[in-house]
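Secondary and tertiary structure notes
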Amino acid sequence: MDLIGAYRAFAHVAERGSFTLGAAAAGIPQSVASRRVAALEEHLGGRLFDRSTRRAALTPFGRDLLPSAKRLVRLAESVEHEARRAKRRPVRMAVPDTCATLDLAWLDADARAHDVVIDFHRAPPAERADLVRAREVPMALLAVPPDEGDWTVPLGVAGVAPARPGAVHLESLRMDRTTTTRRRVLIQPEDDVPHVRDRLQQVRDAVGLRPSQVAVADSLVAAVAEVLGSTDLLLCSRAQAREFGLHWRPLGELRLARGYDLVDPTGTVHTHLSDAIARCLGAEGAQ
């Protein structure tokens, strides 16, 4: 027997003096309310209502038990409320600084439909990995080589000048006697990882660029500011270039990409929200 359901039906019927109105208040059919009250009477060993009248009048036994029944119903409802709150307690998730606020908001909204509320913590790649190791966050999008990740974000370079057709070759940034400006490729903190940074620096050295011409910026904001006020280029995704109003082109000498893997002990986010994560990352195939 559903004892809580029976006490809830008893309390609602008693308060309203009617099985019809009491059942409606409890959100159940009248027949179900009648069966639950009858089962409760059998369980308790006494009549709760006087069946000889048209109204659902309490017997002396029913009047004595009603206050305790109401307290039990209130306690059960309080437990159910706390259970709903516990299921929707925010889960901390470390994400890249490159994720746009609107995309994160859509990810959070989609997660709430699966009873998951996310508290986002923006951090660079190394810090996200440290947070997971220290168990300070249960969920995180970790930077991994693209062939090891579930999401891949192709990278190119973007600047303020309108993009010409074709790729940008790093060797075209090499200085000669006619060059007066030393153009740079700025690496944002999100790409300060070996599978991106080291490969780009290897090509830099191979084509004869100066070390300072491929540099890691202190922050994403600083990198974008440098590019907006110069002929420098930002290593970034297409989505980021659109966000910053820059013109994007692929690199000519090599193909670079970010790779991401999700640490998700619940499995819910990875299973149901893969497309929303792809949008946040600017991954291939994201809508």
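The preceding data block contains the structure.
These lines cover the structure that appears in this document, whether it is placed above or below.

**Quick notes on the overall build of the protein chain**
Helices and strands together make up the secondary structure of the protein chain, namely 11 helices and 11 strands. With the C-alpha coordinates aligned to their principal axes, the bounding extent of the protein chain is approximately 110 × 35 × 30 Å. Taking all 287 residues of the protein chain together, 40% fall into the buried category. Expressed as a percentage of contacts within the protein chain between residues at least 6 apart in sequence, the contacts between residues at least 24 apart total 74%. Total accessible area on the protein chain stands at roughly 15,600 Å², and carbon and sulfur atoms take up 51% of it.

**Side note on the packing of aromatic side chains**
Tallied over the entire structure, the rule returns 2 aromatic pairs. Considering the side-chain rings of Phe-10 and Phe-49, the 5.7 Å spacing of their centres and the 75° angle between planes classify their relative orientation as edge-to-face. Note that Phe-10 is positioned in helix H1 (residues 3–16) and Phe-49 in strand S1 (residues 49–50), a separation of 39 residues in sequence. Each member of the pair Phe-10 and Phe-49 is classed as buried. In this structure an aromatic cluster arises from ring pairing among Phe-10, Phe-19 and Phe-49.

**Section: helix H11 (residues 274–281)**
Listed as buried for H11 are Ala-276, Ile-277, Ala-278, Cys-280 and Leu-281. Positive backbone phi, at 70°, marks Gly-282, one or two positions downstream of H11.

**Notes on the packing of H1 against helix H2 (residues 19–26)**
At a minimum axis distance of 8 Å, the contact between H1 and H2 shows a crossing angle of 130°. In terms of axis orientation, H1 runs oblique to H2. Viewed along their axes, H1 and H2 form a crossing whose handedness is right-handed. Contacts between H1 and H2 involve His-12, Val-13 and Arg-16 from the first element and Phe-19, Leu-21, Gly-22, Ala-25 and Ala-26 from the second.

**Some details on helix H5 (residues 101–112)**
With 12 residues, H5 extends 17 Å from end C-alpha to end C-alpha; this agrees with the ideal 16 Å at 1.5 Å per step. Considering only its buried residues, H5 is in contact with strand S3 (91–95), strand S4 (118–122) and H11.

**Digging into the environment of Arg-112**
Following the sequence through the fold, Arg-112 ends up in helix H5. Under the relative-accessibility criterion, Arg-112 is labelled partly exposed at 37%. Taking C-alpha positions, Arg-112 is 9.9 Å from Pro-90, a pair spaced 22 residues apart along the chain.

**Points about the side chain of Arg-8**
Summarising the element assignment, Arg-8 is placed in helix H1. Here Arg-8 is in contact with Val-73, Ala-76, Glu-77 and Glu-80, once residues within four sequence places are set aside.

**Comments concerning the pairing of strand S9 (residues 233–236)**
Burial of S9 is two-sided: the residues Leu-233 and Leu-235 facing one way and the residues Leu-234 and Cys-236 facing the other way are all buried. The pairing of strand S6 (residues 151–159) with S9 spans 3 bridges and is classified as antiparallel. Of the residues in S9, the one forming a bridge with Val-157 is Leu-235. As paired strands, strand S7 (residues 185–187) and S9 are joined by 3 bridges and run parallel to one another. Counted as the bridge partner of Val-185 is Leu-233 from S9.

Basis of the calculations
Residues numbered from 1 in each chain as written. Predicted model: local features only at pLDDT ≥ 70, side-chain atom pairs only at ≥ 80, totals over all residues. Heavy atoms only, no water. Helix = DSSP H or I, 4+ residues; strand = E, 2+ residues; numbered from the N terminus. Buried < 20%, exposed > 50% of the residue type's maximum accessible area, 1.4 Å probe, protein only. Contact = heavy atoms within 4.5 Å. Areas by Shrake-Rupley, 256 points an atom, 1.4 Å probe, with all protein chains shown as cover. Phe/Tyr/Trp six-rings, centres within 6.5 Å; stacked < 30°, edge-to-face > 60°. Axes fitted to C-alpha atoms, helices over the stretch in contact; angles between N-to-C directions. Parallel < 35°, antiparallel > 145°, perpendicular 65-115°, else oblique. Left-handed = near helix turned anticlockwise from the far one by under 90°. Expected span 1.5 Å × (residues − 1). Pairing = 2+ DSSP bridges.

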